[in-house]
Protein chains: 2
Amino acid sequence: MIEKLISNIQKKESPIVVGLDPTLKFVPKSLQEEAFAQYGETLEGAAEAIWQFNKKIVDAVYNLIPAVKPQIAMYEQFGIPGLVVYKRTVDYCKEKGLVVIGDIKRGDIGSTSEAYAIGHLGKVQVGSKSYYGFDEDFATINPYMGADSVKPFIKVCKEEKKGLFILVKTSNPSSGDFQDQLVGETPLYELVGKKVTEWGLDHMGTNYSYVGAVVGATYPEMGKVLRDIMPKSFILVPGYGAQGGKGADLVHFFDKDGLGAIVNSSRGIIAAYQQEKYATFGAENFADASRQAVLDMREDIQNALR
Amino acid sequence: MIEKLISNIQKKESPIVVGLDPTLKFVPKSLQEEAFAQYGETLEGAAEAIWQFNKKIVDAVYNLIPAVKPQIAMYEQFGIPGLVVYKRTVDYCKEKGLVVIGDIKRGDIGSTSEAYAIGHLGKVQVGSKSYYGFDEDFATINPYMGADSVKPFIKVCKEEKKGLFILVKTSNPSSGDFQDQLVGETPLYELVGKKVTEWGLDHMGTNYSYVGAVVGATYPEMGKVLRDIMPKSFILVPGYGAQGGKGADLVHFFDKDGLGAIVNSSRGIIAAYQQEKYATFGAENFADASRQAVLDMREDIQNALR
């Protein structure tokens, strides 16, 4: 999957991930009304509105981007009907040739991490048969519980040729509360970065590891350091756009070959029509606004990388 | 909910949580065969087997225990049908008067944590209506991303009078990889414990906060220190039984009033019939074996507390 991600990035000249993190306030009223007319103002109605929203955005942008990153929380908030649409979104994006990064941020004791790994990346055994649960291509992982909480994910990834992005330095304002604490003279996020490098050696592709890292666009100086600490890891960079990161901040997340990083934007793309800049599209053309926002983001990043 | 947890503990004289963490290898063959006869060897069949297993165990032990802790990963591994049974288990346990601690270990940037909080503890707005998603009473939370990843959970908990258990020092062997790192002379888990105390002041019950902590039974010395650092927090103590913790190790997790901690056992209870000690029950009487294991665990802990 790391090879497919790289080939998709090269084919589309675009190290961009679109975060499919819908909430109802992003979904145009007309789409909501259609869904509610069919299912009522219910969890099923909300899920249907979100599915139609996702599908139109994916149809509008899939040929410009290598990958999507659905944030499972946004679906989980609608209970089971929401998770049904998460799964439908994963499947649809894969049909469209996109690499799907499940933003699930799971992690637990060994036997429990194994269950998460099986459910999201692998197959579960039922009697004489086996089944994929959610079947994303990559998953994000929280490392707070240490090596034995991460290794079951790597084991399943090796079997399935799938990958991980492990939280190292996250994009949110208080990510420093614990991640920046100095252990001796080394911030904790660097220690985590070193572990990512070590774990990554266990599951290498041709040039890059299947084990990547999450480092927020909002901390470019730290990104520069972490790029060196994790030379074989792809960095998934959230925080571009709505969270404040700009293309020029991102140069040091990439390698000299223009690879090694993939930049995520969620609200900035999927709710582009709600920004002044794209307001002329109108709510009914929200997907076209998303396409334009992807084109603009791609140009911003390509310019920064030149 | 913290008050209900305390009153349940006192009524049942039992600071015990049963971890409903089923895998198919714990479910007796006959139950599996019944479910497969109805649904085939499918995800639905596996989920049905697990539901019947859970229900029989809950029926056998609910009057001995204050709370259950279903581990969502064990359900998530079976995809959507598994999560349907997670929800059914949550609802059934609440009908039986049990406090339900959703062991979900979520945590993300603010807007995403808010979605998780809404989905698991609060209500989501759909047009003019609102709905509970999973509706557990407590949830476990991973603090690696810092204060702004935790506060949306506290906000929803205040609205709903629900609570949290935040990971501080986990029970698994490599929990020390990051949690034990020394920041100055203070291990990271103590810094997290101090934050739990601070966050907990924002959502106090009568004697205890609604914001508790997870500290593994497998690290009793650290439990002693953390008990002092978090005087108003209930400690959820995993790692008893199968992971190696014993009653005598647990004294210092409790306050002088015998409250302040609640000890979880999962495999040790739900798969008791597979242990030599309870083998005479036989697979068909697995729920009776679980009941006996709860009685034995309660006695072990009561003896330690005397």
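For the structure, see preceding data.
Now for a description of the structure that goes with this document. Treat the numbers as computed from the prediction; the structure is a model and nothing was measured. (Residues numbered from 1 in each chain as written. Chains lettered and ligands numbered in written order. Predicted model: local features only at pLDDT ≥ 70, side-chain atom pairs only at ≥ 80, totals over all residues. Heavy atoms only, no water.)

Of the regular secondary structure elements, chain A holds twelve helices and twelve strands. With the principal axes as the frame, chain A shows a C-alpha extent of 55 × 55 × 35 Å. Looking at chain A residue by residue over its 306 residues, the buried ones come to 65%. Of the contacts made within chain A by residues no fewer than 6 positions apart, 73% connect residues no fewer than 24 positions apart. Surface accessibility of chain A: about 10600 Å² in total, with carbon and sulfur atoms responsible for 50%. (Helix = DSSP H or I, 4+ residues; strand = E, 2+ residues; numbered from the N terminus. Buried < 20%, exposed > 50% of the residue type's maximum accessible area, 1.4 Å probe, protein only. Contact = heavy atoms within 4.5 Å. Areas by Shrake-Rupley, 256 points an atom, 1.4 Å probe, with all protein chains shown as cover.)

What follows deals with the interface of chain A and chain B. Contact with chain A, which involves 71 residues of that partner, is made by 71 residues of chain B. Among the residues chain A hides against chain B, the three largest losses belong to A:Glu41, A:Tyr144 and A:Phe178. Together they make up 16% of the total. Where chain A meets chain B, there are four salt bridges. Between B:Glu76 and A:Arg106 there is a salt bridge, with its nearest N and O atoms 2.9 Å apart. On the surface where chain A and chain B come into contact, there are 29 residue pairs in polar contact (both at pLDDT 80 or more). With seven residues, the top contributor of residues to the side of chain A that touches chain B is helix H6 (residues 110-120) of chain A. Here the residues of the side of chain A that touches chain B are counted per class, giving 36 nonpolar, 24 polar and eleven charged. (Buried area = accessible area lost by both parts, 1.4 Å probe. Salt bridge = Lys/Arg side-chain N within 4 Å of Asp/Glu carboxyl O. Polar contact = N/O pair within 3.5 Å; in protein donor to acceptor, adjacent residues only side chain to side chain. Nonpolar A, V, L, I, M, F, W, Y, C, P; charged D, E, K, R; others polar.)

Turning to the packing of aromatic side chains, a few remarks are in order. Within this structure, the stated rule accounts for 18 aromatic pairs over all chains. For the ring pair B:Phe53 and B:Phe286, a centre distance of 5.1 Å and an interplane angle of 20° mean the geometry is stacked. Here the residue B:Phe53 occupies a position in helix H3 (residues 43-61), and B:Phe286 occupies one in helix H12 (residues 286-305), the gap between them amounting to 233 residues. Here B:Phe53 matches B:Phe286 in class, with each residue buried. Each residue in the set A:Phe53, A:Tyr273 and A:Phe286 is aromatic and connected to the rest through ring pairs, giving one cluster. Lying across the ring of B:Trp51, B:Arg88 places its NZ or CZ 5.6 Å from the centre. (Phe/Tyr/Trp six-rings, centres within 6.5 Å; stacked < 30°, edge-to-face > 60°. Lys NZ or Arg CZ within 6 Å of the ring centre and 35° of its normal.)

The next point concerns the pairing of strand E5 (residues 129-132) of chain B. Residue and element names in this part refer to chain B. Two strands pair when backbone bridges link them, and strand E4 (residues 123-126) and E5 are joined in this way by four bridges, in the antiparallel orientation. Paired with Lys123 across the bridge in E5 is Tyr132. If you look at the hairpin formed by E4 and E5, you'll find two residues sitting between the two strands, and Gly127 has a positive phi there, around 60°. (Pairing = 2+ DSSP bridges.)

Residues and elements named next belong to chain A. Look at helix H2 (residues 29-39) against helix H3 (residues 43-61): their axes get within 8 Å of each other, and the N-to-C directions meet at 140°. Between H2 and H3, the angle is such that the two are oblique. The two elements H2 and H3 meet at a crossing, and its hand is right-handed. In this structure, H2 uses Leu31, Gln32, Ala35, Phe36, Gln38 and Tyr39 to contact H3, whose residues at the interface are Glu44, Gly45, Ala46, Glu48, Ala49, Gln52, Phe53 and Lys56. The class makeup of the residues in the contact of H2 with H3 is seven nonpolar, four polar and three charged. (Axes fitted to C-alpha atoms, helices over the stretch in contact; angles between N-to-C directions. Parallel < 35°, antiparallel > 145°, perpendicular 65-115°, else oblique. Left-handed = near helix turned anticlockwise from the far one by under 90°.)

Residues and elements named next belong to chain A. The residue Ile262 is located in strand E12 (residues 261-265) in this model. For Ile262, a relative accessible area of 0% puts it in the buried group. Sequence-distant contacts of Ile262, defined by excluding residues within four places in its chain, comprise Leu5, Ile9, Pro15, Ile16, Val17, Pro66, Ala67, Phe234, Ile235, Leu236 and Val237.

Here we come to the sheet that holds strand E10 (residues 211-215) of chain A. Residue and element names in this part refer to chain A. What the eight strands build is a closed barrel, ordered E1-E2-E3-E6-E7-E10-E11-E12; its pairing is parallel. As defined by bridge partners, E10 adjoins strand E11 (residues 235-237) across two bridges and the pair is classed as parallel. Residue pairing across strands places Val214 opposite Leu236, the latter belonging to E11. In the packing of helix H1 (residues 2-12) onto the sheet, contacts are made with strand E2 (67-68), strand E3 (99-106), strand E6 (138-141), strand E7 (163-169) and E12, and the angle to E3 comes to roughly 125°. Here helix H7 (residues 147-160) sits on the sheet in contact with E3, E6, E7 and E10, set at roughly 150° to E7.

Here we come to the relation of the copies chain A and chain B. Each copy of the sequence occupies a distinct position, and chain A is placed on chain B by a rotation of 180° and an axial shift of 0.0 Å, giving an RMSD of 0.0 Å. Interpreted geometrically, this transformation is the action of a two-fold axis. Of every C-alpha in chain A, the one belonging to A:Val183 sits nearest the axis of rotation, 2.5 Å from it. Of all interface residues in chain A, 100% are interface residues in chain B too; the two copies therefore contact each other through one and the same surface. (Least-squares fit on C-alpha atoms with pLDDT ≥ 70 in both.)

Membership of the largest hydrophobic core comes to 232 residues, with the highest contact counts inside it found for A:Leu5, A:Phe234, B:Leu5 and B:Phe234. Ignoring anything within four residues of it in the chain, the contact list for B:Leu5 reads B:Pro66, B:Ala67, B:Val99, B:Phe138, B:Phe165, B:Phe234 and B:Ile262. (Core = buried A, V, L, I, M, F, W, Y, C linked by side-chain atoms within 4.5 Å.)

Moving on: the side chain of B:Asn264. All names here are of chain B. For Asn264, the position within the fold is in strand E12 (residues 261-265). Taking the relative accessible area as the measure of exposure, Asn264 reaches 3% and is therefore buried. In terms of polar contacts, Asn264 uses its side chain to reach the side chain of Ser266, at 3.0 Å. Excluding anything up to four places from it in sequence, Asn264 contacts Val17, Val18, Gly19, Lys69, Leu236, Val237, Pro238, Gly239, Tyr240 and Met297.

Let us look at the environment of A:Ser128. If you trace the backbone, A:Ser128 turns up in the loop between strand E4 (123-126) and strand E5 (129-132). One polar contact links A:Ser128 to B:Glu41, side chain to side chain, over a distance of 2.5 Å.

Position of B:Thr112 among the secondary structure elements: in helix H6 (residues 110-120). Sequence-distant contacts of B:Thr112, defined by excluding residues within four places in its chain, comprise A:Gln71, A:Ala73 and A:Met74.

This next bit is on helix H9 (residues 188-200) of chain A. Compared with the 18 Å implied by 1.5 Å per residue over 13 residues, the 18 Å span of H9(A) between its first and last C-alpha is a close match. Along H9(A), the positions that sit buried rather than exposed are A:Leu188, A:Tyr189, A:Glu190, A:Leu191, A:Val192, A:Gly193, A:Val196, A:Trp199 and A:Gly200. (Expected span 1.5 Å × (residues − 1).)

All names here are of chain B. Interhelical geometry of helix H9 (residues 188-200) versus helix H10 (residues 220-229) gives an angle of 30° and a closest axis separation of 9 Å. Comparing the axis directions of H9 and H10 gives the class roughly parallel. When you trace H9 past H10, the crossing you get is right-handed. Seen from H9, the contacting residues are Tyr189, Glu190, Gly193, Lys194 and Thr197; seen from H10, they are Met222, Val225, Leu226 and Ile229.

Shape is all these values report; function is a separate question.
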